[in-house]
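Coordinates in review
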Amino acid sequence: MNDEFWQTKLAARLHDPVEKALILMRTEQGHERRTVQNLRETLALTNLSATVLEAVRRADHWASAADRAAFPNRNAEGRYPAWQQVRFEEQPVIIHPLTGESFGLDKLIDLSPEHAEALALDHFTNLVHDGDLKRTALAFWRFGPEIDAPDIRNLWSLLPADTRIPDHTIFDHLDLTAALAGSFVLDPDQGPALLAVSLGPVQEFISAARSTSDLWAGSHLLSRLSWEAMRVICDELGPEAVLFPRLRGVPQVDLWLREDCGLRRGLFDACEWTHGSSDANPLFAAALPNRFTALVPAGRARDLAERITAHVRAWILSMGDAAYRRLLDIAGEQDDPGLPGFAQLREQLAGFPEVHWAAVPWSLVEGSPSGAVEASTPRLADAMQPFFVKSPPGYLGTDAWRLLSGGLNLEEGWFWRPNPGALYPALHELLERVLASAKSVRAFDQTAQGGWRDSLSGEAEWLTTDRSQLAIPPGQRADTLWSKVARQRPGLAKKREHLGALNTLKRLWPTLFTEELRALLPTGLSRFVVSTHTMALATSLSRAIRSGGDMPRALAEEIRASRAEKVALPRKLVSQLAEHPERELLMKLPGWLEQARESDQEGDQQRVDKLLKGYLGHKPEAYYGLVLMDGDHMGAWLSAGRDFTLPYERSFHPQIRAALQSFRFDPAFVRYVGELRAPSPSRHMAISEALNHFALTLAPDVVERQYHGRVLYAGGDDLLAMLPVIDLLPAMGMLRAAYAGIDPSVVGLHGGDAGFRRQGNGFVQHHQRVMRLMGDKATASAGAVVAHHQAPLTAVLRELRTAEKRAKTEGGRDAFSLSIVKRSGGALRLTAKWGEPVRLLLKLREFLAEPEVSRRAVYNSIVWLRDLPEPEGDGEMVARLLAYQLDRQAGRKTNRDHYALPQLSGDLVAQAIRHEKPGQQLAWLENFLSVAEFLARETRTPASATRPHEGAAA
C-alpha cells in the first residue's frame, strides 16, 4: 500500500508537465510528449493499476473544479473552440489571484517548446532518487519550482496551470492534485476531508518574558510545536497535504526533508539555513502559525487529530524533562527519576498545548454516478444550516452556485456541470465554523499547587529537588536548585528567580534548540539573542565604526581587564565589524558597560560615562524600540469576504475576457461573472505564499540588513521585532510597504533602497526573484514602543500590545500607534495612519536633530501654541506662526531650502485639522511635536551621522 500511495502521488505530479503553458498547441504530439513520458519511464510508472489511474483522474478533475473559474460554451461549438485556445507564447499573461492584476512574462516569448521541455526534463531528472518513490515525490514537491536555468529561473514558479484562467500556478495545481489523489487511494470509499487544527494558548505563553531571550523562546517554541503537529500529517501524507500554511521553503521543513526523509544533502546547498552560524540562521525564525488546514483521507481524520494531540503533548513533556535534567547538571545535582521535579513537570504540562480540531468530509457532497454534483446537495446544506441565517446557507445560496449547479440556464450556452471539487468554498465555510465552535468549548483540569509560585508568571509551583523548599519564602532560598543554577550560570537564572515547568522550558529552549542544530549542521553554530541594552547601543557603535577612529587605550584596557563576554550584535552591525581591527573589543563593549553599571563602587558610573563619551563623542543611547505588526482583516482575506475578493471575470485571460463579451446579452451570465469569487485552495496557497515571502525573506531583510534590528518573531502576517530608536519609524514603514508589496512612498518613506522593486499590483522583484505578495489592498497595523533598556520587559510588552490595539481601533486599521515610555515617568502616545504622518514625523525629527536647533525648540513652541486660538479654515495663520517659531528656534541658521519650514509647518497644521475635531487640534499638534522631539533627542547626533538614515528612508 505504501508503494501504491507514492506511485499515486508521483503519477498525480506527472499528469501534466510543468512547462505545459510553454508548449501547449506548439507540438504535434501534445503536451505530454517528452517530459512526462520520459519521467514516467524512469520511475516505472507506465503500467499503473486501475485504482491509481482513477485516483489521479478524479483528483485532477476535482482540483481543476476547486481552483478555476468556469466560463460557458455555446451550444453549437465543440469542446475546445478557437476562442478558448490561448497561445501563451503570444500572450504570456498571468493574473494575481488576490488583486486581479495582469503580469506579462515577456521574456518567455522566444523560448522554444523543445528548449522548455529539455529544461524541465533535466531539472526533474536531477531530482529523482533512484529506486525511492517517496524521496523522489518529496524532492519534486520541494524543488520542482526552483529550476537552475538563467533564462527562466525567475519565472518558472509563476507558470500557470491553465492559460485561460492564469490566476494559479501549475505547482498550485499539482500540489492539490497530489493531495487529493493520495486521499482517494487511501480511502476510496469516503474520499478526502478538510482537517483544521489550532494550538494554544498563544499570547499567555509568549507574554511571560523577562528578557528578549524569553520572548524569542516563547515564539519559537510555539512555532516548533506547530511544526510537530503538522509533521504528523507530513510523515503520513506528504507536505502538500497541508494546504495552509504552505510549507515549501520553510527551513524547519527543509531540515526534516534532509535529515528525516533522506533527501540528497546537495539539494539544500543553496539554502541559507545550511551555512548560517549564528541566530541569524533562518532556522531560528519563528515562521509557522499556530493553526493549519490539511487535506486528509476522511476515514483517518479523527485518528490523525488524536495522534497530533498525543504527539505534541508527548514532545513538550520530553523537552521539559530535558530542560529539568539540564538544570540538575548545572547545579551539580544527581539525575534521579524519583525527584519531585519530574512529577511537577508531568502535572504542570498535562493538557499543554490545548489542541482544537475540526474535520469536514467531502462525502457530504452528493453526486451523480457521472461525478456531477446535485444542485441541492441536501446533506451538505443540512450540515451548514445551523451556522447560517439564510437558506440555502453560505456559498450554496450564491448566484454563482445556482448557475453552475444547473439552477439557471443560459439562453444560448451551457456550463460544465461541476464535480464535488467545486464545493470547496462551502466545505471551507463549514470547517471554519465547526472549528470556532470547538474552540469555544474549553476543558479546564484543576491542579493543586501548594507551594510558592513561579516568579515570572505566578501560576504554578517552581521546579524543585525537595518539595519542603516550596514553603521557603523569597529572599530566604539559599540552597535550592535555582539558587545553585543562578550561581553557576547567571545567564540562565537571575538571583532569586525560580521558575515552573513551562517557563523553565522557555528559559532552556535556546540551549536545547542550539544543541539540536549543532548535531545536524557542521557550521559551529552559536546562538545569541540581542539584549535590549545592546540594541540601545547599536547605532552608537555603528557610528563609532563608521568614523574609523581607534578606541581610546584606557577604554580598551578597561574592557580587556573586565573579562566581559562577547554579546550578540545586530546582523548589520556584525557585517560592519567583519574586518574591523577592534572587532573583539566592540563585541564585548555592551557586556562591559552592563557590568560597570551594576558595580557598587563609588565613582564607577561617572568614569565609565566619561570613557564612553570620549570614544563615541556623545552619551550612549539608553532607549530601544519594539514593533508589533499584524495584517488587517486576515480572516476576511482567507474567507474571501465581500471587500477582499474579485468578480469571476477578473480571473480570465484577456483573450477569454474579450471573447465572453458576446455573452453579455444574457442576464444569467452577467450575474455570474459579476459574482464575487469564493475561497479556493489556490487562493489559500497564494495567501500563504505571500505571507511566507514577507516573513521569511522581506521582513528579515528590512529589519536586519537595511536597519540595525532583530526579528524576534515573523509568522505569516504577524511580526515582532526590536530596533534602535533611530531606525524604528522608517523600519516600520518599510515593513508595511513590504507586506503588501507597495512603493515605500505610499507609507511616507522617500528615497533609498526598499530591498525590492514593485512590478505591479501584488508582484515585486527581490534581487533576481519575482514574488507574489498580498497586493495594494492588503493593509497592516503596527504598535510600537520606545522604552529604556532597563524597563521591565513585561510592562513594555503590555504597552506594546495596547499600542497595536490602538492602531486597529483608534487608528481604524492601516495605521500605527507609537508609545514612548520615559524613564523619568509619563508617556507619549501617537496614533496615525501610514503615509503623510510618517513623512512629517521623520522630517520634523531630522530638523530637530540639527545641531543649530535649540534643545528647547519644541518646549518653547508648545508654550507658545497654548496661547493661540484653535486653527480656523485651513489653519494658515497658525502654520505661518509655527514656521516663524521653528525658524527662530533654529537661530535662522538651518538650511531653509532643505527643510522648507513654511511647507513643513503648513503640512503639520493641515494634518492636525484632518486628524482631530475642533477644540483638539492644537493638543494633537503639541503631542506630535513632543513625540518628534523625543525621537530627535534620543538619536541626536551631528547631521552627518543622522542623515544617512534619513536619506535611506525619509
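Residues numbered from 1 in each chain as written. Predicted model: local features only at pLDDT ≥ 70, side-chain atom pairs only at ≥ 80, totals over all residues. Heavy atoms only, no water.

1. Description of the overall build of the protein
Helices and strands together make up the secondary structure of the protein, namely 35 helices and 17 strands. For the C-alpha atoms alone, the extent of the protein along its principal axes is close to 95 × 80 × 55 Å. The buried share among the 954 residues of the protein stands at 60%. Once local pairs closer than 6 in sequence are excluded, the contacts in the protein between residues at least 24 apart make up 75%. As displayed, the protein has an accessible area near 37,700 Å², and 48% of this comes from carbon and sulfur atoms. Charge-centre separation for the protein: the mean point of 111 positive side chains lies 4 Å from the mean point of 118 negative side chains. (Helix = DSSP H or I, 4+ residues; strand = E, 2+ residues; numbered from the N terminus. Buried < 20%, exposed > 50% of the residue type's maximum accessible area, 1.4 Å probe, protein only. Contact = heavy atoms within 4.5 Å. Areas by Shrake-Rupley, 256 points an atom, 1.4 Å probe, with all protein chains shown as cover. Lys, Arg positive; Asp, Glu negative; His and termini not counted. Charge placed at Lys NZ, Arg CZ, Asp CG, Glu CD.)

2. Examining the pattern of salt bridges
Considering all chains together, one arrives at 60 salt bridges under this definition. A salt bridge links Arg 13 to Glu 240; the shortest N-O distance between them is 3.2 Å. One end of the pair, Arg 13, is in helix H1 (residues 2-13); the other, Glu 240, is in the loop between helix H9 (212-237) and strand S5 (242-244), and 227 residues separate them in sequence. Residue class for Arg 13 comes out buried when judged on its relative accessible area of 6%. Note that Asp 399 is salt-bridged to Arg 671, the shortest N-O span being 3.5 Å. (Salt bridge = Lys/Arg side-chain N within 4 Å of Asp/Glu carboxyl O.)

3. Considerations on the nonpolar core
Of all hydrophobic cores here, the largest spans 206 residues; its most connected members are Ile 233 and Leu 380. By residue number, the principal contributor to this core is helix H11 (residues 301-331), which donates 14 residues. Leu 380 has contacts with Leu 364, Val 365, Glu 366, Leu 396, Leu 423, Ala 426, Leu 427 and Leu 430, leaving out every residue within four places of it along the chain. Ranked by size, the runner-up nonpolar core spans 93 residues in total, among them Met 629, Ala 695, Ala 731 and Leu 840. (Core = buried A, V, L, I, M, F, W, Y, C linked by side-chain atoms within 4.5 Å.)

4. Some points on the packing of helix H19 (residues 553-562) against helix H21 (residues 583-597)
Between H19 and H21, the shortest axis-to-axis distance is 9 Å and the interhelical angle comes to 75 degrees. In terms of axis orientation, H19 runs roughly perpendicular to H21. Taken together, the residues of H21 that come into contact with H19 (itself represented by Leu 555, Ala 556, Glu 558, Ile 559, Arg 560 and Ser 562) are Leu 585, Lys 588, Leu 589, Trp 592 and Gln 595. Grouping the constituent residues of the contact of H19 with H21 by class yields 6 nonpolar, 2 polar and 3 charged. (Axes fitted to C-alpha atoms, helices over the stretch in contact; angles between N-to-C directions. Parallel < 35°, antiparallel > 145°, perpendicular 65-115°, else oblique. Nonpolar A, V, L, I, M, F, W, Y, C, P; charged D, E, K, R; others polar.)

5. Notes on the sheet that holds strand S14 (residues 769-772)
Paired through backbone hydrogen bonds, the strands of a sheet run either parallel or antiparallel to each other. Overall, antiparallel pairing links the 3 strands, which are arranged S12-S13-S14 in an open sheet. The two strands at the open ends of the sheet, each matched to only one other strand, are strand S12 (757-760) and S14. Going across the sheet, the axis of each strand differs from the next one's by a mean of 35 degrees, ignoring polarity. Relative to S14, strand S13 (residues 763-766) is paired through 4 bridges, and the arrangement is antiparallel. Of the residues in S14, the one forming a bridge with Phe 763 is Arg 772. (Pairing = 2+ DSSP bridges.)

6. Re the environment of Val 441
As for its placement among the helices and strands, Val 441 is situated in the loop between helix H15 (424-440) and helix H16 (481-488). Distance in space between the C-alpha atoms of Val 441 and Pro 474 is 38 Å, their sequence separation being 33 residues.

7. Structural notes on the packing of aromatic side chains
Applying the stated criterion across every chain yields a total of 26 aromatic pairs. For the pair Tyr 324 and Phe 342, a centre-to-centre distance of 4.8 Å together with 85 degrees between the ring planes defines the contact as edge-to-face. With a gap of 18 residues between them, Tyr 324 in helix H11 and Phe 342 in helix H12 (residues 340-349) connect regions that are remote in the sequence. Each member of the pair, Tyr 324 together with Phe 342, is buried. On the basis of an interplanar angle of 85 degrees and a centroid distance of 5.2 Å, the ring pair of Tyr 623 and Phe 934 is categorised as edge-to-face. Of the two residues, Tyr 623 is situated in strand S9 (residues 623-631) and Phe 934 in helix H34 (residues 921-938); the sequence distance between them amounts to 311 residues. Using a relative accessible area of 8% as the deciding quantity, one classes Tyr 623 as buried. In this structure an aromatic cluster arises from ring pairing among Phe 71, Trp 83, Phe 652, Phe 663 and Phe 669. Lying over the aromatic face of Phe 184, Arg 58 brings its terminal NZ or CZ to 4.0 Å of the ring centre. (Phe/Tyr/Trp six-rings, centres within 6.5 Å; stacked < 30°, edge-to-face > 60°. Lys NZ or Arg CZ within 6 Å of the ring centre and 35° of its normal.)

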